[in-house]
Amino acid sequence: PALTSYFSSIKKTHMDYPTIVASLGVSLLLIAFFLNMFHFLKENSLLYIGLNIAGASISCYASVLIHFMPFVILEGTWGVVAFIGLIKKLSRTSG
């Protein structure tokens, strides 16, 4: 009975705005990870870096929406580090 009640409550839930935002951000991060792990993208490619910046930033925003500070810090740091990587890459290509 408890398990049935649990699953029926899942069916009734809808995706709220923070869940949709978080799903988008995490999807971008996982796509970058998958493409890198299977050698479709190099970790220093602009697309990989861009997916990490976008995914981490969106995930950070979703964490802010739900007031979950550990993930705000995690995703915010991830986005900043990826952005620094982008700046370093662009400075190497232009110089």
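Above this note sits the structure.
Note that the structure is predicted; figures quoted are calculated from it, not measured. (Residues numbered from 1 in each chain as written. Predicted model: local features only at pLDDT ≥ 70, side-chain atom pairs only at ≥ 80, totals over all residues. Heavy atoms only, no water.)

Caption draft 1: Layout of the overall build of the protein chain. Looking only at helices and strands, the protein chain features 4 helices and 0 strands. Each helix and strand of the protein chain, placed in order from N terminus to C terminus, yields the pattern α-α-α-α. Counting all 95 residues of the protein chain, 26% fall into the buried class. Contacts in the protein chain between residues far apart in sequence, at least 24 positions, make up 58% of those at least 6 positions apart. Working note: accessible area of the protein chain is about 6900 Å², and carbon and sulfur atoms make up 75% of it. (Helix = DSSP H or I, 4+ residues; strand = E, 2+ residues; numbered from the N terminus. Buried < 20%, exposed > 50% of the residue type's maximum accessible area, 1.4 Å probe, protein only. Contact = heavy atoms within 4.5 Å. Areas by Shrake-Rupley, 256 points an atom, 1.4 Å probe, with all protein chains shown as cover.)

Caption draft 2: Main features of the packing of aromatic side chains. Within this structure, the stated rule accounts for 3 aromatic pairs. Arranged with centres 6.4 Å apart and planes meeting at 75 degrees, the rings of Tyr17 and Tyr61 form a pair that is edge-to-face. Note that Tyr17 is positioned in helix α2 (residues 17–37) and Tyr61 in helix α3 (residues 46–65), a separation of 44 residues in sequence. Residue Tyr61 is classed as partly exposed on the basis of its relative accessible area of 39%. Judged by centre distance (4.7 Å) and plane angle (45 degrees), the rings of Phe34 and Phe38 are tilted. (Phe/Tyr/Trp six-rings, centres within 6.5 Å; stacked < 30°, edge-to-face > 60°.)

Caption draft 3: Highlighting the environment of Val72. By the element assignment, Val72 lies in helix α4 (residues 69–94). You can call Val72 buried: its relative accessible area is 14%. For the pair Val72 and Ser57, spaced 15 residues apart in the sequence, the C-alpha separation amounts to 9.3 Å.

Caption draft 4: A look at the side chain of Ser59. Looking at where Ser59 falls in the secondary structure, it is placed in helix α3. Among the polar contacts listed, one links the side chain of Ser59 to the backbone oxygen of Gly55, at a separation of 2.9 Å. Excluding residues that lie within four positions of it along the chain, Ser59 makes contacts with Ala22, Gly25, Val26, Leu29 and Glu75. (Polar contact = N/O pair within 3.5 Å; in protein donor to acceptor, adjacent residues only side chain to side chain.)

Caption draft 5: Examining α4 more closely. A rise of 1.5 Å per residue sets the reference length of α4, with its 26 residues, at 38 Å; its end C-alpha atoms lie 37 Å apart and thus fit the reference within 8%. Restricting attention to buried positions, one finds in α4 the residues Val72, Glu75, Gly79, Ala82 and Leu86. Looking at the buried positions of α4, the neighbouring elements they touch are α2 and α3. (Expected span 1.5 Å × (residues − 1).)

So far we have only geometry, and geometry alone does not tell us how the molecule works.
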